Amino acid sequence: PYRRQRQMCIRDSYSLEKQSMRSILNLILIVYIGISGSLQARNPVLLPLPQKYVRTNASFHPKEIAVSSEGKLRSILMEFLEELPVSVQPDSRYKIEVSLVDKLDGIPLNSEEAYQLSVSSRGITIRAVSEQGAYWAIQTLRQLTERQGKRYSIQGCEITDWPAFRIRGFMQDVGRSYILCLIH
């Protein structure tokens, strides 16, 4: 009888340990989900993720804006602005400026497609080495734009970005994602 009681006692303590371990794991999972959700709510999802991204407390959401840009860059920028409820006024105090520069500091490789994007409450500044870099900056600006009905807001930030690789590409791994092939 004593041996049997001891075995039951050991079995009961084992099941208590198992239950407490489950409770601890559930608590850790809940905390992880809560933290990751709050971090995700603070930072927009940018694809691809910029090399350097610093969020500021400012936001940009004027109803009118002055545009400082020329040539092909101006037309790409105007396409973006047409998506927003904003009018272009040359004398507006809120400005969006796109400029091509000879060199951007702090770019270790692939500088020809690099850009710097700065969004403050007073305006947006894009500096790029080439038109391609300015194009990528405008695409990032599109992703930063939050639309709420007829209103919009662009989160304030400082971004410096450049391609990690010289060649942009897409790989479809047919060994892991099957594609139906019809044979006639």
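Relevant structure appears above.
Please read these numbers as outputs of a predicted model, since none were measured by experiment.

Enquirer: Is there a simple way to think about helix α2 (residues 71-82) in this case?
Expert: Given 3.6 residues per turn, any residue in an α-helix points the same way as the ones three and four places further on. In this model, α2 (12 residues) spans 17 Å end to end at C-alpha, consistent with the 16 Å of a helix rising 1.5 Å per residue. Residues of α2 that are buried: Leu73, Ile76, Leu77, Phe80 and Leu81. The buried side chains of α2 occupy one side of the element, clustering within an arc of 140° when seen end-on. Exposed residues on α2 whose side chains face more than 90 degrees from its buried face are Gly71, Lys72 and Glu82. Those residues of α2 hidden inside the fold are in contact with β2 (64-68), β3 (87-88), β4 (95-100), α3 (131-144), β7 (145-148) and β8 (151-161).

Enquirer: How should the pattern of salt bridges be read in this particular structure?
Expert: Side chains that carry opposite charge are capable of pairing whenever their charged atoms lie near each other. Evaluation of the coordinates by the stated rule reveals three salt bridges. With its nearest N and O atoms 3.7 Å apart, the salt bridge here joins glutamate 112 to arginine 166. With a gap of 54 residues between them, glutamate 112 in the loop between β4 and β5 (115-119) and arginine 166 in the segment after β8 connect regions that are remote in the sequence. On the accessibility criterion, glutamate 112 (39% relative accessible area) is partly exposed. Each of Glu83, Arg142 and Arg147 takes part in salt bridges that share partners, so that together they form one network.

Enquirer: I would appreciate a short explanation of the environment of isoleucine 65 in the present structure.
Expert: The topology assignment puts isoleucine 65 in strand β2. Looking at isoleucine 65, the relative accessible area reads 1%, which means it is buried. Considering only alpha carbons, one finds isoleucine 65 and leucine 81, 16 residues apart in sequence, at a separation of 9.3 Å. When sequence neighbours within four positions are dropped, the list of residues in contact with isoleucine 65 reads Phe60, Leu81, Val86, Ser87, Val88, Gln89, Ser92, Tyr94, Lys95 and Ile96.

Enquirer: Explanation requested: the packing of α2 against α3 in the structure shown.
Expert: Any two packed helices are characterised by the angle at which their axes cross and by the distance between the axes. Where α2 contacts α3, the two axes come as close as 10 Å, and the packing angle between them is 10°. Taken together, α2 and α3 sit at an angle that is classed as roughly parallel. Contact residues: α2 offers Lys72, Leu73, Ile76, Leu77, Glu79 and Phe80, while α3 offers Glu131, Ala134, Tyr135, Ile138, Leu141 and Arg142. Within the contact of α2 with α3, the residues separate by chemical class into eight nonpolar, no polar and four charged.

Enquirer: I'm lost on the pairing of β5 in this one. Help?
Expert: Note on strand geometry: in a regular strand, side chains alternate between the two faces of the sheet. Of all the five residues making up β5, four are buried; the element is thus mostly covered by neighbouring parts of the structure. Relative to strand β6 (residues 123-128), β5 runs antiparallel, the two being bridged by five bridges. Paired with leucine 117 across the two strands is isoleucine 126, which belongs to β6. Between β5 and β6, which pair antiparallel one after the other, the connecting turn spans three residues. Judged from the five bridges that link them, β5 and β8 form a sheet pairing that is antiparallel. The residue of β8 that forms the bridge with serine 118 is glutamate 158.

Enquirer: I tried to follow the pairing of β6 on my own but got confused; where do I start?
Expert: Sheet topology places β4 next to β6; six bridges connect them, and they run parallel. Note that in β6 the partner of lysine 95 across the bridge is glycine 123.

Enquirer: Would you mind going over the packing of aromatic side chains with me for this structure?
Expert: The description of an aromatic ring pair uses the distance of the two centres, along with the angle that the planes make with each other. Taken as a whole and assessed by the stated rule, the structure comprises two aromatic pairs. Taking 6.3 Å as the distance between ring centres and 75° as the angle between the ring planes, the aromatic pair formed by phenylalanine 60 and tyrosine 94 counts as edge-to-face. Of the two residues, phenylalanine 60 sits in strand β1 (residues 52-60) while tyrosine 94 sits in the loop between β3 and β4, which places them 34 residues apart along the sequence. A residue is classified by how much of its surface remains accessible, and phenylalanine 60, at 1% relative accessible area, is buried. Here the aromatic rings of tyrosine 135 and tryptophan 136 are separated by 5.2 Å at their centres, their planes lie at 65°, and the arrangement is edge-to-face. Assessed through its relative accessible area of 25%, tryptophan 136 is described here as partly exposed.

What counts, and at which threshold
- Residues numbered from 1 in each chain as written.
- Predicted model: local features only at pLDDT ≥ 70, side-chain atom pairs only at ≥ 80, totals over all residues.
- Heavy atoms only, no water.
- Helix = DSSP H or I, 4+ residues; strand = E, 2+ residues; numbered from the N terminus.
- Expected span 1.5 Å × (residues − 1).
- Buried < 20%, exposed > 50% of the residue type's maximum accessible area, 1.4 Å probe, protein only.
- Arc of directions from axis to C-beta.
- Contact = heavy atoms within 4.5 Å.
- Salt bridge = Lys/Arg side-chain N within 4 Å of Asp/Glu carboxyl O.
- Axes fitted to C-alpha atoms, helices over the stretch in contact; angles between N-to-C directions.
- Parallel < 35°, antiparallel > 145°, perpendicular 65-115°, else oblique.
- Nonpolar A, V, L, I, M, F, W, Y, C, P; charged D, E, K, R; others polar.
- Pairing = 2+ DSSP bridges.
- Phe/Tyr/Trp six-rings, centres within 6.5 Å; stacked < 30°, edge-to-face > 60°.

Any functional reading would require information beyond the geometric quantities listed.
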